[in-house]
Amino acid sequence: QLITTELSRYPALAGRGGERLTLMLPEVQISTHLKLAQAFRLKMSNLGVMVGLDQFGGGLGGHGVDPAQILSHFGADRLRLVPELVEGLVEPAKAAGVRELLSSIKAQKREILAGGVEGASTMSALFNAGVDYAQGTFLAYVSSKMDHEF
């Protein structure tokens, strides 16, 4: 409620500019509080703010949540993958399944973020799989200054 109230005070978000802001909610929290999350997403959508699923794919790791179902019920604009999915792209035994999941997400016109990128092979696999954004030490180390050279 507080976030919605505070963000609605900024007219720059109403109708323009909000697409530059994405609020990420953990997949496991969405699964346990779906109705509240859906109401929150609707309010943010009305402000033009994107809402994303963080730790997407975590249900594949055993906490019993089907990521595809969460996505269909919640309808996030962006998804940040769990590290296991990112790592799975460079493991031959898992790569096909991960690529299939990412392909279905892209078919729904959703943006995909991948964190924990630590090497060139991972970066290459991510872009070949259609990932839109990458984060990690391969790109730049964490710093308090925006002085990275690419």
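Before reading on, note that the structure itself is shown above.
The numbers attached to residues start from 1 for each chain and follow its sequence in the written order. Totals for whole chains, interfaces and linings use all residues, but because this is a predicted model, local features are given only for residues with pLDDT of at least 70 and pairs of side-chain atoms are given and counted only at 80 or more. Excluded from the side-chain calculation are hydrogens and water; included are all heavy atoms of the structure.

1. Topic: the environment of Arg20
Only DSSP runs of H or I covering at least 4 residues are called helices, and only runs of E covering at least 2 are called strands; the numbering of each starts at the N terminus. Relative to the helices and strands, Arg20 resides in the loop between α1 (2–8) and β1 (22–26). Each residue gets one of three labels from its accessible area relative to the maximum for its type: buried under 20%, exposed over 50%, partly exposed in between, using a 1.4 Å probe on protein chains only. Judged by relative accessible area, Arg20 falls into the exposed class, the value being 76%. Each C-alpha atom, one on Arg20 and one on Val49, is 7.4 Å from the other, the two residues being 29 residues apart in sequence.

2. Thoughts on the pattern of salt bridges
What makes a salt bridge here is a side-chain nitrogen of Lys or Arg within 4 Å of a carboxyl oxygen of Asp or Glu, nothing more. In this structure the tally under the stated criterion is five salt bridges. Between Glu111 and Arg78 there is a salt bridge, and its shortest N-O distance comes to 2.3 Å. A residue pair is termed long-range when its members are at least 10 positions apart, and Glu111 in strand β4 (residues 111–114) and Arg78 in strand β3 (residues 78–81) qualify at 33 residues. The salt bridge partner of Glu91 is Lys94, with a shortest N-O separation of 3.5 Å.

Don't take any of this as a statement about function, it's just geometry.
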